[in-house]
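# Examination of the molecular architecture
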Amino acid sequence: MKGPMKRHASSQQQRTLSLLLPATAAVLALLVAACSGSTTPAPSSTAAAPNESAVPTVSATPSGPLVLKVAATANVTTWDPVKSFSTEALYMANIYEPLVWINPPSVPQKFTPALAVSWETSADGLRWTFRLRDGVKFHDGEPLTADAVKQSIEAAATRGGASFIWAALDTITAVNPLTVELKLKYPAPMDLVASSLYGAWIVSPKALAAAAADEKFFESGIDAGTGPYTIESYTPDKEVLLTKFDGYWGGWSDTTHYDKVLISITPESVAQQQMLDGGQTDIALSLPLENIGQYRTNPDFQFIDEPSFFNYVGFFNTARKPLDDVRVRQALSYAIPYDDIIAIGAQGFGTQSRGPVPAGVFPYSPDVPQYRQDLDKAKQLLADAGYPGGGFKLELTYASENQNETRFAPLIKEAYAKIGVDVTLTPMLFNQQWERAKGDPVKRQDMFLVLYWPTYSDAGADNLWSLFHSSEKPFFNLSYWKNEQYDKLVDDAATLTATQRDAAQAKYVEAMKLLVDQAPGLFFYDTKFVTAIPKRIAGFQYNLNYPFAQFFYPLHPAN
Amino acid sequence: MTRFVVRRLAGSALVLLGLSVITFTLARVIPSNPAALYIGPKARPEEIERVTRQLGLDQAPPVQYLTYMRDMLTGDWGTSIGTKRPVLEEIVSRLPATLELIAAAMALAIPLGIVLGVLSARWQRRPPDVLVRVVSIVGVSLPAFWLGLLLQVVFFRNLDLLPLSGRVSADLRFTAPIEPITGLYLVDAALGWNWAAFVDASRHLVLPALTLAAFPIGLIARMTRASMIETLDQDYIRTARAYGLRDRFVTYRLALRNALLPVLTVVGLTLAYSLTGSFFVEIVFNWPGLGTFAVHSMLNVDYPAIMGIALFGAAAYVLINLVVDLAQAWLDPRVRLA
Amino acid sequence: MAIGLAQPVVGAPPRGFGHRLRRALLTDPLGFFSLVVIVLLIVMAIIGSAMAPYPMQGEGASSVTTRLFPPSWAHWFGTDLFGRDILSRVIVGARGALVVSVAVVALAMAIGVPIGAIAGYSRGRIDGALMRLTDLFLAFPPLLLAMAIVAALGPGLDHAALALAISWWPWYARLARGTAISLRERPFIEAARSIGIPDRTIVLRHIVPNSLTPILVQATIDIGTVILAAGSLAFIGLGASPPAPDWGLMVAEGRTYILDQWWVSTFPGLAIFVAVLAFNLVGDLLRDLLDPRQNA
């Protein structure tokens, strides 16, 4: 019968069942543990046991093309070289070329000629003449002429995404088919401007005309550059396939170049890590920082650890109590655990900042002081300001999509708790964070974390101006700080940059010292560019000035 | 039967309408400024203004909804803020990958679940039953994302048997490319007599499908077992046995067919589970389907995409329920007349 | 999504239920296992910090010198990227897991039960309208609605909890409606109506309390399911934010280096699994005990 029969006979297998159940749970975990190879704090199993995934073969079939597989986070906002102002610069830098490339700081020669072979400026700095390279063709067959350069620059100056870089330009004329002359409204370093990663690409006039007629001309993946690669196919949010442009003026026979470059658009660094481990990609441009240390000791990889343009800055809301008191801000600056933040936030890949200008970029100076963590001094300053033992609350906002900020924001909270300041961490998407900071003053945050970088290699005109110069409506000065002395120093320095660089530098240094002393913000660390390139790929060059671009043309299989 | 079908269809249509109101309302609650997201972090204020007008964000909500309904019915589901392409196109282009994953998981789970359930009922209170009950309760309790990670560690790192992630090896694209016909790699590879690709795609499918199948196997096994036990208890089964009909015939031919009816409902449930379950599995295995797109859209507050996916998922669920109901009605007259 | 009872059981639990329940939980090894786990969870939720070997790390304090240590006697579950003891974080995280699930289930019941009871008792148009509404919410695949709501409101534990509650209430409405319908025809309800007790009081005082049995059974099962759902949401980034010791979040954090430091993701995930398992087992147990066919 049913019922009672079902009930009683079960204790036997209930016991078995009960043994099996927790055992299953434990077994699942133990299986992983027992089989797990590495139990040392510094895992090196990728090096110790080269399996098919750790050392994938170069992707070439006997008859097929030589392909380089890259994983990048960069998606394409637009394929229009004039409008381009975002992450697609990674691809643009391989498809298009500017007049000149700026070299890394370590190279004695400041610039490398690209589409311009030589250039000079008049004595008053108001006229720049560029002589163009002969025999260069665009991907659509058009020849490179001075007229093409004129049209490209005019387009960039009027409707470009980064049009502001051409602010000094008055007129541009094609003196002869291979020479252009730029007339400026005021002296400005045009060679620097022409080397920019945004708004300085030289585009085929035929394409420019088509784009003027049809706004969406470029969007399906059409390109009209002079660069070594051209777009073979594009799947939005998924991949970009570049193939070599046979008519490239630089030629293809000096060494083995890659015929094709397949870039998988992978926003998650974890996924990129997996692709590298699994052999799905040769190069991963955004490996998770937590994991990248293991490649240092891996003999199959070249470990790249270079300074970069990016730094982390914090803003204090100087319009609000108690942050309007400079002593409070200084106290809070002394309370920051700079070393721990670099150790944990940057996984050791960073150097403490001196002011908001990253090292290696004009007008950085090692004379600018930095704070070091000193909790006693912090407490003393707070007491002087009338807040003995702290006793106030602060809200700190940071970008939830930023892994580093997510890692080190809690350290700020921990440290401030030690001086009696209670911090609430509020992660939000960067755009939301920014909107809030620009919006209703009552709702604004107390502290704002941001990752910053200059648009081109002048952090005086960019960082120092954008971040701390006073402004009517806040844009990037999210400390809302208004200091006339600082404003004057920075404004004066900007006008001197093109003609009297040293004088400009001196003024900037004064401004930076004032900034550190008045502490409207926190200067955490300059980040580093860290990646691991497999040794079977040679030719990798890192250029501090082009943080979002990787150049594929110089890469080739090692021997 | 026709009346039943018509009633159900009308009901489903009404539900879909209601769903669209929900998704639309949800999207308007989002506090961030969508126009700013559209352009990028260093956008200028004038650009934001222009895009606000372009996206129609400055109009009253009821007006926005009517426009939305008209757009939706004509296939215009808005433009994804993240990829700048039409949302419907994004969903459709990613659908085959997810479908393949779900299909593989179901192909694994349904037969396996039913077989386990039947065996468990047949040998009630004996070791097979115990084993199946362990497996099924573990299956419904396991977090899918955790299981996926464990499988990766064991089968890729430790045993080096199966690939870590992705749908197909990157090299294959150049050595043995799959001609896209259906978007389902196994099918396309088979149609193109592409053995290398078929094997490669299958190997990539194993772990994700296994991960996604765990919950359905558990659920289906449990339901089949319960249903079989109940059916085997019925009078007509006992009568059949009393008449001397063979045991195997009684179990598998008589009881099973009737026991499977409630299992159909559970299959529908597991299909629905797989819709959202696949999101997590896809993230873990970097599977380029609807799931990764959905999660990224949610994290980036890409509200046209989120709205589109939510509506699509719900519509798919309504469709599944409709099919399950109709199938049940067709198979079981009692349902039709209820 | 756990399956509910096959048929709602109405009225008071059968006689001897308490006794049988105690016996099941204490003597039956399966039941005992679940009991131990659930009690442990509750204890950890209440006094977690006291139990944890490294309570500050459990809350989120980092320890730069002990990063990514494998399991050892000093750290049974190893340490994570910030040097924090994972065992401590799992223990401290129990509170979040339990509190969120209980809150979600309670909220879902608070919304769903009244709606269902009113619908079932009133029948007719009110029933129809309320059921249309319920069906509408049930028409969303599990978790999709929750994900869309969290995406709309922004990440955060409170938003996730609200979203989950909004996804869960329809089940309770259905259950409550079912019991209300069968209770409606019972003599004692008829009697109450005939002596003029207002409908509202009948629903509140008689229908709802008598519906509680199947609802509480479902609630118990659901606590486990919600732990799983909340953990899943946290895993993809729609739940608690760092440095909270949220189990789902911990699994996600450890994913980056799971291939070589397997312990960071494994143990929090194991915690979720064991918790859900225990609640599912208890749910099975309760269901078996309350099965009306056993009590003929």
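Note that the structure is a prediction, hence the values are computed from the model and not measured.

## Examining the overall build of chain B
Summing up its helical and strand segments, chain B has 15 helices and 0 strands in all. In terms of principal-axis extent, the alpha carbons of chain B reach across some 85 × 55 × 35 Å. Within chain B, counting contacts between residues at least 6 apart in sequence, those at least 24 apart form 72% of the total. Of the roughly 14,900 Å² of accessible surface on chain B, 66% is carried by carbon and sulfur atoms.

## Regarding the interface of chain B and chain C
With 47 residues of chain B at the interface, the matching set in chain C holds 44 residues. The junction of chain B with chain C conceals about 4,000 Å² of combined surface from both sides, 79% of it contributed by carbon and sulfur atoms. When the area that chain B buries against chain C is broken down by residue, the three leading residues are Phe145(B), Trp146(B) and Phe280(B), summing to 16%. At the junction of chain B and chain C, the tally comes to 2 salt bridges.

## Considering the packing of helix H2 (residues 29-51) of chain C against helix H11 (residues 263-290) of chain C
All names here are of chain C. At a closest axis distance of 9 Å, the pairing of H2 and H11 adopts a crossing angle of 130°. With respect to H11, the element H2 is oriented oblique. As for how H2 packs across H11, the hand of that crossing is left-handed. Contacts from Leu-30, Gly-31, Phe-33, Ser-34, Val-37, Ile-38 and Leu-41 of H2 reach H11 at Val-274, Ala-275, Leu-277, Ala-278, Phe-279, Leu-281, Val-282 and Leu-285. Looking at side-chain class alone, the contact of H2 with H11 contains 13 nonpolar, 2 polar and no charged residues.

## Examining the nonpolar core
Judged by nonpolar contacts, the single largest core of 339 residues is most densely connected at Leu99(A), Trp166(A), Tyr416(A) and Trp247(C). Two domains each put at least three residues into this core: domain 1 (2-73) and domain 2 (96-336) of chain B. If we skip the residues at most four places from it in the chain, Leu99(A) touches Pro113(A), Ala114(A), Leu115(A), Ala116(A), Phe130(A), Leu132(A), Val149(A), Ile153(A), Ala194(A), Ala200(A) and Ile202(A). Leu276(A), Ile292(A), Phe303(A) and Ala532(A) belong to the second largest nonpolar core, which has 11 residues in total.

## Quick look at the sheet that holds strand E13 (residues 350-352) of chain A
All names here are of chain A. An order of E13-E17-E12-E16-E14-E15 is seen for the 6 strands of this open sheet, with the pairing classed as mixed. Whereas interior strands pair on both sides, the edge strands pair on one side only; in this sheet they are E13 and strand E15 (422-428). If you compare each strand with its neighbour and ignore which way they point, the axes differ by 25° on average. In terms of strand pairing, strand E12 (residues 301-316) meets strand E17 (residues 521-534) through 11 bridges, oriented antiparallel. Looking across to E17, one finds that Glu-306 is bridged to Phe-529.

## Digging into the side chain of Asn545(A)
Residue and element names in this part refer to chain A. Positionally, Asn-545 belongs in the loop between strand E18 (537-538) and strand E19 (556-557). Looking at Asn-545, the relative accessible area reads 11%, which means it is buried. A distance of 2.8 Å separates a polar atom in the side chain of Asn-545 from the backbone oxygen of Asn-103. In contact with Asn-545, other than residues within four places in its own chain, are Ile-102, Asn-103, Pro-104, Pro-105, Phe-309 and Ser-457.

## Description of the domain arrangement of chain B
Each assigned domain of chain B is listed here: domain 1 (2-73) and domain 2 (96-336). Placing a centre on the C-alpha atoms of domain 1 of chain B and another on those of domain 2 of chain B gives a separation of 33 Å.

## Some remarks on the packing of aromatic side chains
All names here are of chain A. Following the criterion strictly, the structure yields 49 aromatic pairs over all chains and no others. Ring geometry for Tyr-96 and Trp-201: centres 6.4 Å apart, planes at 40°, overall tilted. One end of the pair, Tyr-96, is in the loop between helix H4 (89-95) and strand E2 (100-102); the other, Trp-201, is in the loop between helix H6 (190-194) and helix H7 (205-213), and 105 residues separate them in sequence. With respect to burial, Tyr-96 and Trp-201 carry one shared label: buried. Where Tyr-229 meets Trp-252, the ring centres are 5.6 Å apart and the plane angle is 75°; that geometry is what we call edge-to-face. Taken together, the residues span a long stretch of sequence, with Tyr-229 in strand E8 (residues 229-235) and Trp-252 in the loop between strand E9 (239-244) and strand E10 (260-265) at a distance of 23 residues. The rings of Phe-315, Phe-448, Phe-468, Trp-481, Tyr-486 and Phe-523 are connected pair by pair, giving a single aromatic cluster. Positioned over the ring face of Trp-249 is Arg-133, at 3.9 Å from the centre of the ring.

## Observations concerning a nonpolar patch on the surface
Among the surface-exposed residues, Val39(C), Leu40(C), Ile42(C), Val43(C), Ile46(C), Ile47(C) and Met51(C) lie close enough to one another that they form a single nonpolar patch of about 570 Å² accessible area. Turning to its location among the elements, Val43(C) is positioned in helix H2.

## Focus: the pattern of salt bridges
Considering all chains together, one arrives at 36 salt bridges over all chains under this definition. In this structure, Glu120(A) engages Arg131(A) in a salt bridge whose closest nitrogen and oxygen atoms are separated by 2.8 Å. Here Arg131(A) lies in strand E5 (residues 127-132) and Glu120(A) lies in strand E4 (residues 116-121), a separation of 11 residues in the sequence. With a closest N to O distance of 2.5 Å, Arg436(A) and Glu395(A) form a salt bridge. Here Glu395(A) lies in strand E14 (residues 393-399) and Arg436(A) lies in helix H14 (residues 430-438), a separation of 41 residues in the sequence. Through salt bridges with shared partners, a single network forms among Arg85(B), Glu89(B), Glu90(B) and Arg94(B).

## Digging into the sheet that holds strand E11 (residues 283-284) of chain A
What links the strands of a sheet is backbone hydrogen bonding, and the strands pair in either a parallel or an antiparallel sense. Spatial strand order, E8-E9-E10-E1-E11 (chain A): 5 strands in an open sheet with mixed pairing. Bordering the open sheet on either side are E8 and E11 of chain A, each of which pairs with just one other strand.

## A closer look at the pairing of E5(A)
Residues and elements named next belong to chain A. Judged from the 5 bridges that link them, E4 and E5 form a sheet pairing that is antiparallel. Within E5, the position partnered with Thr-121 by the bridge is Trp-128. Two strands pair when backbone bridges link them, and E5 and strand E7 (residues 179-184) are joined in this way by 5 bridges, in the antiparallel orientation. Bridging across to E7, Trp-128 finds its partner in Leu-182.

Reading the values: the criteria
Residues numbered from 1 in each chain as written. Chains lettered and ligands numbered in written order. Predicted model: local features only at pLDDT ≥ 70, side-chain atom pairs only at ≥ 80, totals over all residues. Heavy atoms only, no water. Helix = DSSP H or I, 4+ residues; strand = E, 2+ residues; numbered from the N terminus. Contact = heavy atoms within 4.5 Å. Areas by Shrake-Rupley, 256 points an atom, 1.4 Å probe, with all protein chains shown as cover. Buried area = accessible area lost by both parts, 1.4 Å probe. Salt bridge = Lys/Arg side-chain N within 4 Å of Asp/Glu carboxyl O. Axes fitted to C-alpha atoms, helices over the stretch in contact; angles between N-to-C directions. Parallel < 35°, antiparallel > 145°, perpendicular 65-115°, else oblique. Left-handed = near helix turned anticlockwise from the far one by under 90°. Nonpolar A, V, L, I, M, F, W, Y, C, P; charged D, E, K, R; others polar. Core = buried A, V, L, I, M, F, W, Y, C linked by side-chain atoms within 4.5 Å. Buried < 20%, exposed > 50% of the residue type's maximum accessible area, 1.4 Å probe, protein only. Domains from an automatic or database assignment. Pairing = 2+ DSSP bridges. Polar contact = N/O pair within 3.5 Å; in protein donor to acceptor, adjacent residues only side chain to side chain. Phe/Tyr/Trp six-rings, centres within 6.5 Å; stacked < 30°, edge-to-face > 60°. Lys NZ or Arg CZ within 6 Å of the ring centre and 35° of its normal. Patch = residues over 30% accessible without salt bridge, like charges linked within 9 Å, V, L, I, M, F, W, Y side chains within 5 Å.

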